[in-house]
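# A structural walkthrough
Below are the chains, spelled out letter by letter.
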Amino acid sequence: MTRIRLVLLTLLMAIAPPTVSRAEVRMGETVFSPVLGRALSYDIYLPPGSEGGTRAYPVLYLLHGGGTGQPSYWFTLAGIDQVLDRLIAQGRIRPLIAVAPNGRRPDDGPASYFLDDADGAARWQTAFLDEAMPGIEARHPVLPGRRAVMGISMGGFAALVYRLEHPDLFAGAAALSPALRTDEQLLALSPGDYADRFATLLGPDLEGAARLTDRWAAFRPAAMAASADAARLARIPSIHVQTGSDDSFFEGTAQLHVALRDAGIRHRFRVIEAGHDWPAWQSMLEDALLHVDAVLSRGYGE
C-alpha cells in the first residue's frame, strides 16, 4: 500500500503545473525628499521573479492625471498591472518595473504638473529627478540608465517635458491625452479653475492676458519642440503621443504633433475615437507599453 501511495504521489508531482512566480504591486512605498521636506510616496509594480533574484530591470515611471488623480489609479482604474502581466506572459514586452509617484500636494492644493512651482515654493520636478528617482532605483533592481516615462493628462504633459528637456535621463516617453491647452483655453478658465490648475505653475490670481507668462510661452508646443535637442531626438520615434478625437485637449495635442514634425523630432502620433476619460486611456495602454518596450529594448534600432 505504501508503494502504491508513493507511485501516485510521483505521478501527481509529474503532472502538477509548475509554480508560477507572480508580479507584485506594492502601494504606499515612500522615499524622503529633502527638497520637499517630506516623504514622497509611490506605488510600484514588480515583475514576476524580481523578488530575491539577481536580475535587474528597466523602469517605467507612471505620472497620474490632475483633478482627483492618484498614483493608485494606474492600477485600480487603468489596470496597468494586468496589462503588463499579460504582455510579459505573451512575450510581447520584456519584464520591467513600473513606478507611480504621487504628484499631489499634501493639502490637495493646485495641480503640481510634476514640475517646480513658478516661485520655487515647491520643487516637485527637482525632488523627483534628483532625489526620489535615484532613491527608488537604489532600493529596487533597476538597470542603470534604462528608464522611460508615461503620463495621463497632467502627467502626459509632464512626460513630454521630461523627455524633451532631459533626453539623457529618459530613453522615451508616452503621453496619453496630454493636457496641452491652447492660449484660448487658458484664457477661458474661470478664476476658480485657473487657481486649481495653474496658480502655482504660472502664478496666482492672474486674469486675462496676464496669464500668458513667459513660463506659459515656454510650454507652448512650438517652444518645447524648438528648445529640444532635435538632432538627438531625430534618430528614433522615442516619443509616443495618443489622444482622442473628442478629447478636450485635442487642438493642443495636434499642435504638438505639427511642432515636433516640423522640428524633425521623430515621434508616434495616434488619434482614436474617444474622449478624455478612463475607457480611452485603458484602450491606449497596450500600444503605449509596446512603444515603451521598443524604446527600452532598442527595438526601434538605436
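Preceding block: the structure.
What you see is a predicted model; the values in this text were computed from it and never measured.

### Looking at the side chain of Ser-177
- Assignment of secondary structure puts Ser-177 in the loop between strand S6 (172-176) and helix H6 (183-188).
- On the accessibility criterion, Ser-177 (0% relative accessible area) is buried.
- A polar contact is formed between the side chain of Ser-177 and the side chain of Asp-247, at a distance of 3.1 Å.

### Quick word on the sheet that holds strand S2 (residues 38-46)
- What the 8 strands build is an open sheet, ordered S1-S2-S4-S3-S5-S6-S7-S8; its pairing is mixed. Either end of the sheet is taken by a strand with one partner, and the two such strands are strand S1 (24-33) and strand S8 (267-272). Strand-to-strand twist of the sheet, defined as the mean angle between neighbouring strand axes without regard to direction, takes the value 20°.
- Strand direction decides the pairing type here: strand S7 (residues 239-244) and S8, joined by 6 bridges, are parallel. Bridged to Val-241 within S8 is Phe-269.

### Thoughts on the pairing of S2
- Looking at chain direction, S1 and S2 are connected through 8 bridges and run antiparallel. The partner of Val-25 across the bridge, within S2, is Tyr-45.
- Here S1 folds back onto S2, and the loop between the two strands holds 4 residues, one of which, Gly-37, carries a positive phi near 70°.
- As judged from the 4 bridges shared by S2 and strand S4 (residues 97-101), these two strands associate in the antiparallel manner. What sits directly across from Tyr-45, in S4, is Ala-98.

### A few points about the side chain of Arg-104
- Tracing the sequence through the fold places Arg-104 in the loop between S4 and helix H4 (124-139).
- Arg-104 gets classed as buried once you look at its relative accessible area, which sits at 17%.
- At 2.8 Å, the side chain of Arg-104 and the backbone oxygen of Gly-67 are in polar contact.
- In terms of polar contacts, Arg-104 uses its side chain to reach the backbone carbonyl oxygen of Gly-69, at 2.8 Å.
- Excluding anything up to four places from it in sequence, Arg-104 contacts Arg-38, His-64, Gly-67, Thr-68, Gly-69 and Gln-70.

### Quick look at helix H10 (residues 250-262)
- With 13 residues, H10 extends 18 Å between its outermost C-alpha atoms, agreeing within 8% with the 18 Å of an ideal straight helix rising 1.5 Å per residue.
- Buried residues of H10: Gly-252, Thr-253, Leu-256, Ala-259 and Leu-260, and no others. Viewed along the axis of H10, the buried residues span an arc of 120°, placing them on a single side of the element.

### With respect to the packing of aromatic side chains
- Applying the stated criterion across every chain yields a total of 12 aromatic pairs.
- Note on Tyr-61 and Phe-128: the rings are 5.2 Å apart at their centroids and 85° apart in plane angle, and the pair reads as edge-to-face. Of this pair, Tyr-61 sits in strand S3 (residues 57-63) while Phe-128 sits in helix H4, and the two are 67 residues apart along the sequence. The two residues Tyr-61 and Phe-128 agree in class, both being buried.
- Each ring, one from Tyr-162 and one from Phe-170, has its centre 5.7 Å from the other, and the planes form 20°; the classification is stacked.
- Judged by its relative accessible area of 0%, Tyr-162 falls in the buried class.
- When its relative accessible area of 0% is taken as the criterion, Phe-170 is described as buried.
- What links up through ring pairs into an aromatic cluster is the set Tyr-61, Phe-114, Trp-124, Phe-128, Tyr-162 and Phe-170.

### A closer look at the pairing of strand S5 (residues 142-152)
- With 6 bridges connecting them, S3 and S5 associate as parallel partners. Looking across to S5, one finds that Leu-62 is bridged to Met-150.
- Looking at chain direction, S5 and S6 are connected through 5 bridges and run parallel. In the sheet register, Ile-152 faces S6, and the bridge partner there is Leu-176.
- Read from S5 through helix H5 (residues 154-165) to S6, the crossover connection turns out right-handed.

### As for the pattern of salt bridges
- A complete count under the given rule lists 13 salt bridges for this structure.
- One salt bridge connects Arg-270 with Asp-287, and the closest N-O pair in it is separated by 3.0 Å. Of this pair, Arg-270 sits in strand S8 while Asp-287 sits in helix H11 (residues 278-296), and the two are 17 residues apart along the sequence.
- Salt bridges linked by common partners bring Arg-86, Arg-92 and Glu-286 together as one network.

### Here we look at the environment of Phe-128
- A relative accessible area of 0% places Phe-128 in the buried class.
- Remark: the alpha-carbon pair of Phe-128 and Val-31, spanning 97 residues in sequence, is separated by 9.9 Å.
- Filtering out sequence-adjacent residues up to four positions away, Phe-128 remains in contact with Tyr-61, Pro-101, Met-133, Pro-134, Tyr-162 and Phe-170.

Rules used throughout
- Residues numbered from 1 in each chain as written.
- Predicted model: local features only at pLDDT ≥ 70, side-chain atom pairs only at ≥ 80, totals over all residues.
- Heavy atoms only, no water.
- Helix = DSSP H or I, 4+ residues; strand = E, 2+ residues; numbered from the N terminus.
- Buried < 20%, exposed > 50% of the residue type's maximum accessible area, 1.4 Å probe, protein only.
- Polar contact = N/O pair within 3.5 Å; in protein donor to acceptor, adjacent residues only side chain to side chain.
- Pairing = 2+ DSSP bridges.
- Axes fitted to C-alpha atoms, helices over the stretch in contact; angles between N-to-C directions.
- Contact = heavy atoms within 4.5 Å.
- Expected span 1.5 Å × (residues − 1).
- Arc of directions from axis to C-beta.
- Phe/Tyr/Trp six-rings, centres within 6.5 Å; stacked < 30°, edge-to-face > 60°.
- Right-handed = clockwise from strand over helix to strand, strands pointing away.
- Salt bridge = Lys/Arg side-chain N within 4 Å of Asp/Glu carboxyl O.

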